[in-house]
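# Residue-level structure breakdown
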Amino acid sequence: MTTSERPVIDVLIAGDDPLVRVGLATVLGGAADIRVVAEAGDGSQALAMVARHTPHVVLMDIRMPRMDGLSATEALRAREDAPEVIVLTTFDADEHVLRALRAGAAGFLLKDTPPHEIVDAVRLVAAGRPVLSPSVTRRLIDRVADPAGHARRARAASRLALLNERERDVALAVGRGRSNAEIGAALHLSLPTVKTHVSSILTKLGLNNRVQIALMTYESGLLDGAT
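The paragraphs below set out a description of the structure included in this document.

Check the secondary structure of the protein chain and you find 11 helices and 5 strands. The buried share of the protein chain, taken over its 227 residues, is 47%. Counting only contacts in the protein chain whose residues sit at least 6 apart along the sequence, the fraction spanning at least 24 positions is 67%. Summing over all exposed atoms, the protein chain offers an accessible surface of approximately 11000 Å²; the carbon and sulfur share of this is 54%.

And the structure:
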């Protein structure tokens, strides 16, 4: 599919810095398949703008006045037909980012991310793919390996025990960052079967996207030493 044939992705930009919003709007406006439908200066405005414009993707700054991006992400992802959320931050995989990902954000971008990567990230999450770099994955694994993470590790392992063997294999593959096609090839499953397993995992574990599956596999320790 060429760029001109792609469906248009509607995007809302939420952040309290007008210059950052203008910069992001300029970057995204250069893509033929992306349309910035609104901007918001804080989380409460973002909620109202999402209700009005129903964007596919929200670029959400974490630190904003009145309602921050974390609270806004949690509120948005609790809605039916929720937009995908990409968190914007100056911090790489800090506790705020982990909270946003657990709330249902599809990934995050650092504010100094190159323009073409921002455009690619919007396209990825609009297509249901997470945005997590290998370096971020490593940091997440390191964080949940800390002693303070033992209780969370036990809870995650207990929840993953609810899955059958095939679902567990698929969940671990999601945790390794593999696409549905790659999972199908590795496990000798058809693409529709992989999608069915992913949907079943989300339902059984009470999760709402692939990033949350990945986080749970990291937290469980089941990826330790995995290839």
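Text resumes after the structure shown.
Time to look at helix α2 (residues 43–53). For α2, every residue scored as buried is listed here: Gly-43, Ala-46, Leu-47 and Val-50. Each buried residue of α2 sits inside an arc of 100° when the element is viewed along its axis, so together they form one side. For α2, the secondary structure elements touched by its buried residues are β1 (9–14), β2 (34–40), β3 (57–61) and α3 (69–77). Of the residues flanking the end of α2, it is Thr-54, one or two places downstream, whose phi is positive at about 40°.

This part takes up the environment of Val-50. Inspection of the secondary structure assignment puts Val-50 in helix α2. Residue Val-50 is classed as buried on the basis of its relative accessible area of 6%. Measuring from C-alpha to C-alpha, the distance between Val-50 and Val-37 comes to 9.6 Å, with 13 residues separating the pair along the chain. Not counting residues within four places of it along the chain, the set of residues in contact with Val-50 comprises Leu-12, Pro-55, Val-58, Leu-76, Arg-79 and Pro-83.

Cut-off values and rules
Residues numbered from 1 in each chain as written. Predicted model: local features only at pLDDT ≥ 70, side-chain atom pairs only at ≥ 80, totals over all residues. Heavy atoms only, no water. Helix = DSSP H or I, 4+ residues; strand = E, 2+ residues; numbered from the N terminus. Buried < 20%, exposed > 50% of the residue type's maximum accessible area, 1.4 Å probe, protein only. Contact = heavy atoms within 4.5 Å. Areas by Shrake-Rupley, 256 points an atom, 1.4 Å probe, with all protein chains shown as cover. Arc of directions from axis to C-beta.

Honestly, that's just the spatial picture; any functional story needs more than this.
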